[in-house]
Amino acid sequence: MDDLPGRWLVELFLPTASNDGAPFERAMFDRVRDELVDAFGGVTLFRRNPAEGLWTDGDATARDQVITAEVMADTIDRDWWDGYRRALEGRFAQEEILIRCTRIWTL
């Protein structure tokens, strides 16, 4: 496997609803889709079965349903991703939008 060219899988976890429970319009996710296609040439958006996110904050447990968007990239531009994450946090009115990247090998 050492001779396989590596790439990056970038996953974005987007909330399906605002903090007060109002669902986001489909256009919010379509915009993210379009931006990622423009920037990376493709995207996979998992909309049909939102995942459930749980985390604790003190004694309380918070819940979220999230849609995942995935892109593959040859390199990671940390400044671009930091700016994009901040833009998404503002757009979705979130304290934090999780974006993670993992080194992968495609076969």
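Because the structure is predicted, anything quoted here is derived from the model rather than measured.

1. Looking at the overall build of the protein chain
For the protein chain, the count of helices and strands is two helices and four strands. For the protein chain, the N- to C-terminal ordering of α and β elements is β-α-β-β-α-β. A principal-axis box enclosing the C-alpha atoms of the protein chain has dimensions of 50 × 30 × 30 Å. Taking all 107 residues of the protein chain together, 32% fall into the buried category. Look at the contacts in the protein chain between residues 6 or more apart in sequence, and 70% of them connect residues 24 or more apart.

2. Structural notes on the pattern of salt bridges
All told, the structure shown has 11 salt bridges when counted by the stated rule. A salt bridge links D30 to R33, with the nearest nitrogen and oxygen atoms 3.3 Å apart. Taken together, the residues D30 and R33, both in helix α1 (residues 26-40) and three residues apart, mark about one turn of the helix. The closest approach of N and O atoms between E35 and R91, which form a salt bridge, is 3.1 Å. Of this pair, E35 sits in helix α1 while R91 is found in helix α2 (residues 78-91), placing the two residues 56 residues apart along the sequence. One salt-bridge network, in which partners are shared between bridges, spans R26, D30, R33, D34 and R47.

Procedures and definitions
Residues numbered from 1 in each chain as written. Predicted model: local features only at pLDDT ≥ 70, side-chain atom pairs only at ≥ 80, totals over all residues. Heavy atoms only, no water. Helix = DSSP H or I, 4+ residues; strand = E, 2+ residues; numbered from the N terminus. Buried < 20%, exposed > 50% of the residue type's maximum accessible area, 1.4 Å probe, protein only. Contact = heavy atoms within 4.5 Å. Salt bridge = Lys/Arg side-chain N within 4 Å of Asp/Glu carboxyl O.

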